[in-house]
Amino acid sequence: MLQNFLLIASRNLLKRKVYSFINIFGLALGMAVCLVILKYVDFELSYDSYHRRADQIHRVTSAYYQNGELRTSNIISGYALGPALVSDIPGVKKYVRTHPMYGGAVFTYQRENNPSIFHEENVQFADSTFFDVFTYQAIEGNLSTALDRPNSAVITKKIAARYFRENEDPLGKIFQINGGWADGAYEITAVIEDVPQNSHFPFEIVLPMHNLLTNGQYQQDDGWGWNNFVTYVELEKNADLSAMEEKLPPLVEKYQGEDLSRSNSTRVYSFQPIREIHLHPGLNHETSATISVNTIYFFLLISGFILAIAWVNYINLSTARAMERAREVGIKKSIGAFRSQLMMQFVFESVLVNLLSVVIALGIALALLPLLGDIVGKTLTFDFTDYRLWLVISGLFVVGSFISGLYPAYLLSSFRITEVLKGKVAQSGRGFSLRKALVVFQFASSLILIAGTFAIYRQLTFMRTQDKGLTMEQMLVINGPSVLDWRDAKAVKNRLVSLKNEIQKIPGVVNVATSGVIPGGGHNWGTSMRKVGTQAEDNKAGSVVWVDPDFVDTYGMTLLAGRNFNIANRSDMESVLVNEAALTAFNLGTPEQALEEKIILGDDSVAILGVLKNYNWASLKTEHSPWLLKADTISRRNYSIHVNSSNMNEVIKTVEATFKEAFPGNPFNYFFLDDFFNAQYQSEQQFGKIFSLFSILAIVIACLGLWGLASFTTTQKLKEISIRKVLGSSVSGILSLLSWQFLKLVIIACMIAVPLTWYGIDQWLQGFAFRISLQWDLFVVPVVILTLIALGTVSFQILKGANINPAKVLRSE
């Protein structure tokens, strides 16, 4: 029997090659998209799972409240938190503190006549317990003791390849570090494999925490003041997390209660499981990009939509062909075939189609996965030894076979013999209604995807092009020199100023400024501040950036009141420039009134020299917040160079030559500010590209099905078309009549999809402080595109049928 089913199924597939191709390729494309999305989802869910005791490792997060209002939630704390947790909270086995090398540093390996010198950003300080708690694969060295000595360093394979030749063993070699938080000579004590892609904590070099804590900033602190550290804890196995978190408020009261009470504030610590870090965005100072678990669910929903569209194609074409195979059913029933046997036959055909689709789907998925990997910046591959992959493939095959085959099999096997053999059977109203409903589902899904793609790209374009109150275009930024002899600080500063002046003379350079950080790069100092004359409970968080007097002009910032820094005026250089958001936050009144006020900043009070119009220093995802610019004569960190030249490459070459002449032994690194700033939207850009890719594939699948359905419908109506032509109907009239049947379904789909799309886009946009408005064209344009795609697909087939000579169709009548 199975042999007979296989023979009949093969003949039917070969008899209708076009429809077989649409069914098989459409299902294969849907399955391939599903496989690729599931692989991506699996990757996102696998973050930090490679650590041996991942279920025992937690990160300490902090929520800061003032006057009962949440002010900030972040991952940073003081360096005293880790030791306090181990001593005061039973169940905390170990702690690990990490601290980034803010601004990076220059690393030099002195090789005779050919030193290796690079500016490194991805550097972390960590406790000696770092490699005891976290799991990394050692290539050379002993990780359990690698950070025990103060001047030791652990590097990744990538860093080893950057500094050392193939015949050089990195172990025991000495790095000279300049321009960082703990300069000096460091011995390489271990080399590890590169940090896995699915890590929330990327790094390339690890240095001992001991050296960082000797920094004067932390020597003068009690361990609770400077919140620059990320604290991790390893809990005892089977520790009661809830009971431990109940002990955190008394710990806060013990060590920070007195200071917090002065400002009517409180701090709430929590233990965050390490495997949940990547899937819970919203915390400040994250070490890597995160993704919302809702986004994961959304991509799963898309994969379901696309797979459903592919199955809808199969069901539609199968039910549409029911009349063509009705006589076959009638004859088989008349010679004794049971209904169950007929259903088995048609299900078997579905099984064969799905089997072929699965094989093709694997090939398509293998081609799509690297493309998706390029979008997200990861290397994604299928592990064919993973049993879960084969479970998914088997599930797609089994479920697809029955979903796409059961209803058509039921419909075909239910025809009555007598009607069938007399050729009087009509289309089942139920089947016809189902087909319409499925086409509406396809159109609605496609419209949602098209409109969603439009909204994502419009928001991204808005964030890139919105006036930020700062000059971003043609702003060349270079890292300042780090290898400097600070024994003569005055001479160093004079050289830094001289470099700035020489760059200013280069043709094409409009202006030059230096600063501690640049827009999109955070702040130099995040601290609590308030207006002089108010109480400590009025403290609010603010950000401070050190800039030189040319910064405001170089960045085209707008002064609303007051004046810019004057390097010749000492009181100017001791004052600050505030933005409009600071006026509101600190109740400073109008810009003119603010000039009469002072701000308590740290232990000092500073005068307000000027008020700047609000500017977007950080991402447009966040609201304007208080930013203060504090004066510095020169900064070595960043040189911002505003260029107005058609020959940017020539300007860069001249700047590089000037830099190397002024500061030999320092690496020259440059980038453009707009690229750097827009990198903050990396996750949104990736989301948009992924969404667009799968939207296009979904529309292709839907069009394939629509093309096949239109072709079959036209074939079924050839006699009607021919009779109408004989009676005088024009081709355009026939086209309008038959196209209207599909256009009605498009209209119904639009009525369903537009409200759903409006709601979904509106919810997504709520995550942006600065966002586009929901204008009519955001929905009308996708509707027009969908209508044109549908009509274009259908019209081609209808015109093909309408142009057939009626005599060829009606000659047998």
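Residues numbered from 1 in each chain as written. Predicted model: local features only at pLDDT ≥ 70, side-chain atom pairs only at ≥ 80, totals over all residues. Heavy atoms only, no water.

Along the backbone of the chain there are 27 helices and 25 strands. For the C-alpha atoms alone, the extent of the chain along its principal axes is close to 105 × 60 × 60 Å. Considering only intrachain contacts with a sequence separation of at least 6, the fraction spanning at least 24 residues in the chain is 80%. Accessible surface, the chain as shown: approximately 36,600 Å² in total, 55% of it carbon and sulfur. Between the averaged position of the 71 positive side-chain charges in the chain and that of its 70 negative side-chain charges there is a distance of 17 Å. (Helix = DSSP H or I, 4+ residues; strand = E, 2+ residues; numbered from the N terminus. Contact = heavy atoms within 4.5 Å. Areas by Shrake-Rupley, 256 points an atom, 1.4 Å probe, with all protein chains shown as cover. Lys, Arg positive; Asp, Glu negative; His and termini not counted. Charge placed at Lys NZ, Arg CZ, Asp CG, Glu CD.)

Within this structure, the stated rule accounts for 48 aromatic pairs. Arranged with centres 5.3 Å apart and planes meeting at 5 degrees, the rings of Phe21 and Phe25 form a pair that is stacked. Within this pair, Phe21 and its partner Phe25 are both found in helix H2 (residues 17-45), separated by four residues, close to a single helical turn. The class of Phe21 is partly exposed, set by a relative accessible area of 48%. Pairing Tyr79 with Tyr218 gives two aromatic rings, centres 6.3 Å apart and planes at 80 degrees, and the pair type is edge-to-face. Here Tyr79 is found in the loop between strand S3 (76-77) and helix H3 (81-88), whereas its partner Tyr218 is found in helix H7 (residues 216-219), with 139 residues between them in sequence. Grouping residues by exposure puts Tyr79 and Tyr218 together as buried. (Phe/Tyr/Trp six-rings, centres within 6.5 Å; stacked < 30°, edge-to-face > 60°. Buried < 20%, exposed > 50% of the residue type's maximum accessible area, 1.4 Å probe, protein only.)

Okay, unusual backbone geometry next. Non-glycine residue Asp48 carries a positive phi angle of around 65 degrees. Tracing the backbone shows Asp48 in the loop between H2 and strand S1 (57-66). The phi dihedral of Asn238 is positive, around 65 degrees, even though this residue is not glycine.

What follows deals with the pattern of salt bridges. Two side chains that carry opposite charge are able to pair once their charged atoms sit near each other. Per the stated rule, a full pass over the model turns up 23 salt bridges. Two residues, Arg162 and Glu120, come together in a salt bridge whose shortest N-O distance is 2.7 Å. Of the two residues, Arg162 is situated in helix H5 (residues 157-163) and Glu120 in strand S6 (residues 116-120); the sequence distance between them amounts to 42 residues. Look at Glu120 and you get buried, because its relative accessible area is 2%. (Salt bridge = Lys/Arg side-chain N within 4 Å of Asp/Glu carboxyl O.)

On to the environment of Asn479, then. For Asn479, the position within the fold is in strand S15 (residues 475-479). Considering only alpha carbons, one finds Asn479 and Tyr639, 160 residues apart in sequence, at a separation of 6.5 Å. If we skip the residues at most four places from it in the chain, Asn479 touches His119, Glu121, Arg637, Asn638, Phe659, Asn669 and Phe671.

Each α-helix turn comprises 3.6 residues. Residues three or four places apart therefore point the same way. Of all bends in helix H25 (residues 731-765), the biggest is about 35 degrees, found at Trp740. Those residues of H25 not exposed but buried are Ile734, Leu738, Ser739, Phe742, Leu745, Val746, Ala749, Cys750, Ala753, Thr757, Ile761 and Leu765. (Bend = angle between axes of the 7 residues up to and from the residue.)

In summary, soluble globular proteins display a tendency toward joint burial of nonpolar side chains. In terms of nonpolar packing, the biggest core is built from 87 residues, with Met557, Leu629 and Phe694 touching the most fellow members. Ranked by the residues each element gives to this core, the list is headed by H2, at 14 residues. In contact with Met557, not counting residues within four places along its chain, are Gly469, Leu470, Phe551, Val552, Leu612, Tyr615 and Leu629. In terms of nonpolar packing, the next biggest core, distinct from the first, is built from 29 residues, Ile22, Val746, Ala749 and Cys750 among them. (Core = buried A, V, L, I, M, F, W, Y, C linked by side-chain atoms within 4.5 Å.)

Buried residues dominate strand S17 (residues 525-531), accounting for five of its seven residues. The pairing of S17 with strand S18 (residues 540-547) spans five bridges and is antiparallel. Following the sheet pairing, Gly526 is matched in S18 by Ser543. Of the strand pairs in this sheet, S17 and strand S21 (residues 598-601) are connected by three bridges, and their pairing is antiparallel. Note on S21: the bridge partner recorded for Arg530 is Ile600. (Pairing = 2+ DSSP bridges.)

Once that is clear, we can look at the side chain of Ser640. Within the secondary structure layout, Ser640 lies in strand S24 (residues 638-643). For Ser640, a relative accessible area of 0% puts it in the buried group. Within the structure, Ser640 has its side chain in polar contact with the side chain of Tyr555 (distance 2.7 Å). (Polar contact = N/O pair within 3.5 Å; in protein donor to acceptor, adjacent residues only side chain to side chain.)

Here H2 is 29 residues long and its end C-alpha atoms lie 41 Å apart, about the 42 Å a rise of 1.5 Å per residue gives. The buried fraction of H2 amounts to 22 of the 29 residues, a majority that puts the element mostly inside the structure. (Expected span 1.5 Å × (residues − 1).)

A word on the packing of helix H24 (residues 718-726) against H25. Where H24 meets H25, the closest approach of the two axes is 10 Å, and the angle between their N-to-C directions is 145 degrees. By crossing handedness, the relation of H24 to H25 is classed as right-handed. Contacts between H24 and H25 involve Glu720, Ile721, Arg724 and Lys725 from the first element and Ile734, Leu737 and Leu738 from the second. Across the contact of H24 with H25, the residue classes tally to four nonpolar, no polar and three charged. (Axes fitted to C-alpha atoms, helices over the stretch in contact; angles between N-to-C directions. Left-handed = near helix turned anticlockwise from the far one by under 90°. Nonpolar A, V, L, I, M, F, W, Y, C, P; charged D, E, K, R; others polar.)

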